[in-house]
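If you want the building blocks of each chain, they are given just below.
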Amino acid sequence: MTWLEFPTYILLTSVFWLLALVLLLTPKRSVFHSLKGVFLFLGWASIIVFTIGLWISLERPPFRTLAETRLWYAVFISTIGIVLYYRWRLPLMLAYTLLMAILFLFLNYLNPDTFDKTLMPALQSPWFIPHVIVYIIGYAFLGFSSLIGVYGLYLYYKGKEVDRTLLMADNIVYIGFAFLTFGLLFGALWAKEAWGHYWTWDPKETWAFLTWLSYLLYIHFRIRKKQSPKTALWIIALAFVVLLICWFGINYLPSAQSSVHVYSS
Amino acid sequence: MNKNIRDTKHKNKLWQFPWGYRESFLIAFFLLLSGFLIDLIDGGGVRMPAWPVNIAIIIIFIIYFILIHYLVKHPIVKWLSSTPAAIAAISTFTLMVLLLGFIPQTPSPADPSLLDSLGLTNVTSSWPYLMSALYLLVVLGFTIVRRFKSFTIKNIAFLLNHIGLWIVVVTASLGSSDMWRLSMGLETRHPSYTAFDSKGQGYNMGFGMILLDFNIEEYPPEVGLMHNRDHTLKLEKGGKLATVKEGTTDILDHYTLTFEKYIPFARKYGDNYDTTSIAGGARAVYIIAKDERNGNTAEGWVCDGSYAIPADYLILNKELSVAMTQLRPKKYSSDIRIYHSMDEYEDFYIEVNKPVTIDGWKIYQTGYDEPMGRWSETSIIELVRDPWLPVVYIGIFMILFGTLYLIWMGKGRIKTKKA
């Protein structure tokens, strides 16, 4: 399985998920409504099959290039959406996570940035997989929290109650932040083995740290109960912008051209 | 609800206790301002003190937190561990790191610009950065001491995270001046005794090292279609490179490539390539390329070349050739002998990601003579000594365990609200 087969799989995934979302709109008691689970699973299975196949054919874990991390993001965010849907019955969130996943898959289709099978020596380490996986999981949760933030802002400006929304965001930020912390510290421990120092203010490190600080700010802002909900919602929405700069923007920043994390050749 | 908060805020006059957000942010502003002023006037940046001054500072710091906390009953002490102070401190520190993230960190001391004078091209040794870090550490310190007084099991995660962070930030910055990072080039013929720091200052290590053997394990060679006009690879969307393996075929564009013969260490003899044991051998493959549109074939040798022999291409037509990509190392490693004295030596092996510790130095494989590639007779290593590392690691592991606990507990408040 290579990126050449990718279009087939994303087409399958998108069709299945879009069907599932349409079925979600049908009356709850109808046969169609109960069928949506099947399509959710089929869509999920086809992207999983592709990911595993890619892993096998690359002969290395597919965690290196932007396209590969976007693939994983699609896998994790859709998984989170589906699990949360069955746990808490959040149809809007399900729709968001599936559409986000489809968007990321199509980004990969339009911009497949590499076909490179090689992995530079510094990346060949047992730290590699845990380092990237915890980050991607963290990103998936935090992306989700920022959507809740945006949704909360919408409610807020319509003059509606946002306390419940913020409490939900809190929990998701806590989990996402924990994974972000793991990613950051695993990275530090690995860097000590690979580059001789645990922290060198490499641009990617700097921006990962900034992302961490932004969510740290949110968590501390939420300690006091009677804090302005508007400010909290804005922090959570803007923190995701920092996260995106760390993830994608870094390749375009003039201050980051010497980064050890910019792998494009 | 929002309005109410604003109303209560305005009841207090500025600088009237208890201090809130306005005071916390104003203090942060003055700290930054004074930091920038010091940098503008002094221009030298911050130099972190080395052992034993740094350990003295840390001890004084800790005693100071505890004493002040217990002896001084002033509202300022209470403010120092308050949420507004924490928010202001985190924001200020974030602002400095943001500047660090946006401004290229390349100071030009010879011809300083305004950014240079403000310390912004070397943020981590600038005064405003130090001020923001101090603000953060002081607030963090008082918060920890206050929590310690009301110690419960539930507080464990909080204490692990906050103390861990304090330890990491303090020891990583104050310990940096005790750290040595030296680079050394090893050769096969002569032992090396001198290592160099990042400024090019040489140090006699007191031991000699000689390179016994340098090894590169490489990825299998790949060929691609190359434009004749500018020697760039033709990579289309969904396109790929073909991996060379003797006896196999692969398809690139409209061409079927058959790899007839592959020689990992080759030299050119006349029009032909043959295996060589002489240094400088390159990778060569004999390819038959068939154009599937018209059935035309072309065949010949393709070679990636080395410092000793030129690269070779297989010309398909006016526009395109088949070319081999440059050798990509999968991993590289060195066998090294270290001489403690004339007749006392020890052999060891290092590779990327697998450093060893010898005589208190952690030794890393960092590079080699790249133009020479697989024939490099030089291995570049880095020697690192960081006496503070164990303490930093204690901090890191405290945060890791605190974070695990955090995932387990979640944000406690929701449960109490539901109940």
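Each value, and the rule that gives it
Residues numbered from 1 in each chain as written. Chains lettered and ligands numbered in written order. Predicted model: local features only at pLDDT ≥ 70, side-chain atom pairs only at ≥ 80, totals over all residues. Heavy atoms only, no water. Helix = DSSP H or I, 4+ residues; strand = E, 2+ residues; numbered from the N terminus. Rg over C-alpha atoms; globule rule 2.2 N^0.38 Å. Buried < 20%, exposed > 50% of the residue type's maximum accessible area, 1.4 Å probe, protein only. Contact = heavy atoms within 4.5 Å. Areas by Shrake-Rupley, 256 points an atom, 1.4 Å probe, with all protein chains shown as cover. Lys, Arg positive; Asp, Glu negative; His and termini not counted. Charge placed at Lys NZ, Arg CZ, Asp CG, Glu CD. Expected span 1.5 Å × (residues − 1). Domains from an automatic or database assignment. Pairing = 2+ DSSP bridges. Core = buried A, V, L, I, M, F, W, Y, C linked by side-chain atoms within 4.5 Å.

Here we come to the overall build of chain A. Scanning chain A for helices and strands turns up eight helices and zero strands. Rg of the C-alpha trace for chain A: 19 Å, near the compact-globule value of 18 Å for 265 residues, within the 12% margin. Dimensions of chain A, computed from C-alpha atoms along their principal axes, come out at roughly 60 × 50 × 30 Å. In chain A, which comprises 265 residues, the share counted as buried stands at 62%. If you take every contact in chain A between residues at least 6 apart in sequence, the share linking residues at least 24 apart comes to 77%. Carbon and sulfur atoms form 71% of the exposed surface of chain A, whose accessible area is close to 11,200 Å². Across chain A, the 19 positively charged side chains and the 11 negatively charged ones have centroids separated by 16 Å.

The next subject is helix α2 (residues 21-42) of chain B. Over its 22 residues, α2 of chain B runs 31 Å from end to end, which matches the ideal 32 Å to within 8%, given 1.5 Å per residue. Phi turns positive one or two residues past the end of α2 of chain B, at Gly43 of chain B, with a value near 75°.

Residue and element names in this part refer to chain B. Note that the residue after Phe17, namely Pro18, is joined by a cis bond; omega there is -5°. Among the structural elements, Pro18 can be located in the loop between α1 (2-11) and α2. Look at the link from Trp51 to Pro52: it is a cis peptide, with omega at 0°. Mapped onto the secondary structure, Pro52 falls in the loop between α2 and α3 (53-71). In this model, Trp15 sits at a positive phi of 65°, which is unusual for a non-glycine residue. For Asp359, which is not glycine, the phi dihedral falls at a positive 55°. Looking at where Asp359 falls in the secondary structure, it is placed in the loop between β15 (356-358) and β16 (361-368).

Time to look at the domain arrangement of chain B. Split into domains, chain B comes out as domain 1 (13-179 + 390-418), domain 2 (182-217 + 331-385) and domain 3 (220-327). Here the C-alpha centroids of domain 1 of chain B and domain 3 of chain B sit 58 Å apart.

So, on to the sheet that holds strand β5 (residues 242-243) of chain B. Residues and elements named next belong to chain B. Across the sheet, which stays open at both edges, the four strands sit in the order β5-β4-β12-β11 with antiparallel pairing between neighbours. With partners counted over all chains shown, the strands left at the sheet margins are β5 and β11 (314-315), one partner each. As judged from the five bridges shared by strand β4 (residues 222-227) and strand β12 (residues 320-324), these two strands associate in the antiparallel manner. The residue bridging Met226 from the neighbouring strand is Ser321, located in β12.

Another aspect to go through is the nonpolar core. Nonpolar side chains in soluble globular proteins generally cluster together in the buried interior. Core analysis: the largest hydrophobic core is formed by 157 residues, its most contacted members being Tyr73, Trp212, Tyr215 and Tyr218 of chain A together with Ile396 of chain B. A per-element tally of this core places helix α6 (residues 163-195) of chain A first, with 16 residues. Those residues in contact with Tyr73 of chain A that lie beyond four places of it in its chain are Met100, Phe104, Ile136, Tyr139, Ala140, Gly143, Phe240 and Trp247 of chain A. Counting residues in hydrophobic clusters, the runner-up holds 23 residues, among them Met184, Leu211, Ile338 and Ile363 of chain B.

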